[in-house]
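Given next are the chains, with one letter for each unit.
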Amino acid sequence: MELSRKRQRELKKLRREAEHVWDEQREVLERAAGILRDASRQAAAVARDDVAPRVRQTYEKRIVPGVEAGVDSVRHAASSTRDRFVDDVIPAVTGAIGSAIAVLDVARDKRIRDALRQVSATGRDLATRAGQKVGIVEVKPKPGPGRYILIGLGVVATAAIAYAAWQTLRADDDLWVEEEPAPEA
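Just so we're clear, the structure is a prediction, and the values are computed from it rather than from any experiment. (Residues numbered from 1 in each chain as written. Predicted model: local features only at pLDDT ≥ 70, side-chain atom pairs only at ≥ 80, totals over all residues. Heavy atoms only, no water.)

## With respect to the overall build of the protein chain
Here is step 1: The number of helices and strands found in the protein chain is three helices and zero strands.
Here is step 2: Helices and strands in the protein chain line up, N terminus first, as α-α-α.
Here is step 3: A buried classification covers 6% of the 185 residues belonging to the protein chain.
Here is step 4: For the protein chain, contacts bridging at least 24 residues in sequence account for 78% of all contacts bridging at least 6.
Here is step 5: Carbon and sulfur atoms make up 59% of the accessible area of the protein chain, which totals about 16,500 Å². (Helix = DSSP H or I, 4+ residues; strand = E, 2+ residues; numbered from the N terminus. Buried < 20%, exposed > 50% of the residue type's maximum accessible area, 1.4 Å probe, protein only. Contact = heavy atoms within 4.5 Å. Areas by Shrake-Rupley, 256 points an atom, 1.4 Å probe, with all protein chains shown as cover.)

Below you can see the structure in the form of C-alpha cells.
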C-alpha cells in the first residue's frame, strides 16, 4: 500500500514533532530527578538536625520515666505478692496439712481404733437390744468414724485453701501508692 506524497510529508512532520516532544519530556524528567535528589538531601539534613534531637528529647523526658515507673510498680507488686504468698498462703496450707496429718496419726493409733470399734459395737448391741424390746426388726449398722474423720479433713483443707486464697486476693490499699509529680522548675 503506497501513500501519497502529501500523506508522507504529514507523517514525517508528525514524526519530527513526536521526537521533539520526546526530547523535551526526557529533559523534564532529568530535571525532576535532580530536584528530587536535592530535596531528599535537604530532608535528611532537616531530620538529622531538627527532628532527631526533638525525638530523642521527648523519648528521654516522657517515655523513659514512664517505663521506669512501670517497671518499679511491677517489681513492687511482685515483691508484695511474693511476701503475701510466703507470709499467708504457705503457713495456712502447711497448717492445714499438719492438722490433716495429726488427725490421720490419731486415726492410725491402734488403741483409739480399738476403743472406737468397741464403742461402735457396744452401741450397735444396745440399739439392737432396744429395738428388739420395742418390737422393731433389725437395726442396720451406721457408718463408722472413718467417714466423719475424712469429711472433717476435707472441710479443714477446703477452709484453709479458701482462707489462703482470700488473703492473697483481697484488696490492699498499701499496694498501690500513686507517685507525686515532681515540681517543675
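Here the narrative resumes.
## Considering a positive patch on the surface
Here is step 1: The grouping of K12, K13, R15 and R16 at the surface amounts to a positive patch.
Here is step 2: Note that K12 resides in helix α1 (residues 5-108). (Patch = residues over 30% accessible without salt bridge, like charges linked within 9 Å, V, L, I, M, F, W, Y side chains within 5 Å. Salt bridge = Lys/Arg side-chain N within 4 Å of Asp/Glu carboxyl O. Lys, Arg positive; Asp, Glu negative; His and termini not counted. Charge placed at Lys NZ, Arg CZ, Asp CG, Glu CD.)

## Topic: the pattern of salt bridges
Here is step 1: The full count for this structure, using the stated rule, is five salt bridges.
Here is step 2: The salt bridge partner of D23 is R26, with a shortest N-O separation of 3.1 Å. With D23 and R26 both in helix α1 and three residues apart, the pair spans about one turn of that helix.
Here is step 3: Among the residues examined, D23 registers a relative accessible area of 38% and is labelled partly exposed.

## What to know about the packing of α1 against helix α3 (residues 145-169)
Here is step 1: Here α1 crosses α3 at 175°, and the two axes come no closer than 9 Å. The angle between α1 and α3 falls in the class roughly antiparallel. Within the contact between the two elements, α1 uses R84, D88, V89, A92, A96, S99, A100, V103, L104 and A107 and α3 uses I149, L153, V156, A157, A160, Y163, A164, Q167 and T168. (Axes fitted to C-alpha atoms, helices over the stretch in contact; angles between N-to-C directions. Parallel < 35°, antiparallel > 145°, perpendicular 65-115°, else oblique.)

## Considering the confidence of the model for the protein chain
Here is step 1: Of the residues in the protein chain, 85% reach a pLDDT of 70 or more, and the chain-wide mean stands at 80.
Here is step 2: Put simply, helix α2 (residues 110-134) is where the protein chain has its lowest mean pLDDT, 75, and α1 is where it has its highest, 85. (pLDDT = per-residue confidence, 0-100.)

## What to know about a nonpolar patch on the surface
Here is step 1: A cluster of nonpolar side chains, contributed by Y59, I63, V67 and V71, occupies part of the molecular surface with about 350 Å² of accessible area.
Here is step 2: Tracing the sequence through the fold places I63 in helix α1.

## Concerning α3
Here is step 1: Here α3 contains 25 residues, and its C-alpha end-to-end distance of 36 Å stays within 8% of the 36 Å for a straight helix at 1.5 Å per residue.
Here is step 2: Buried residues of α3: L153, A160, A164 and Q167, and no others.
Here is step 3: Those residues of α3 that are buried lie in contact with α1. (Expected span 1.5 Å × (residues − 1).)

## Observations concerning α1
Along an α-helix, a turn takes 3.6 residues, which lines up residues three or four apart on a common side.
Here is step 1: Compared with the 154 Å implied by 1.5 Å per residue over 104 residues, the 128 Å span of α1 between its first and last C-alpha is markedly short.
Here is step 2: At A47, α1 shows its maximal kink, close to 40°.
Here is step 3: Listing the buried residues of α1 in full gives G34, A45, S80, V89, A92 and A96. (Bend = angle between axes of the 7 residues up to and from the residue.)

## Points about the environment of A165
Here is step 1: Structurally, A165 can be placed in helix α3.
Here is step 2: For A165 and F85, which are 80 residues apart along the polypeptide, the C-alpha to C-alpha distance reads 9.4 Å.

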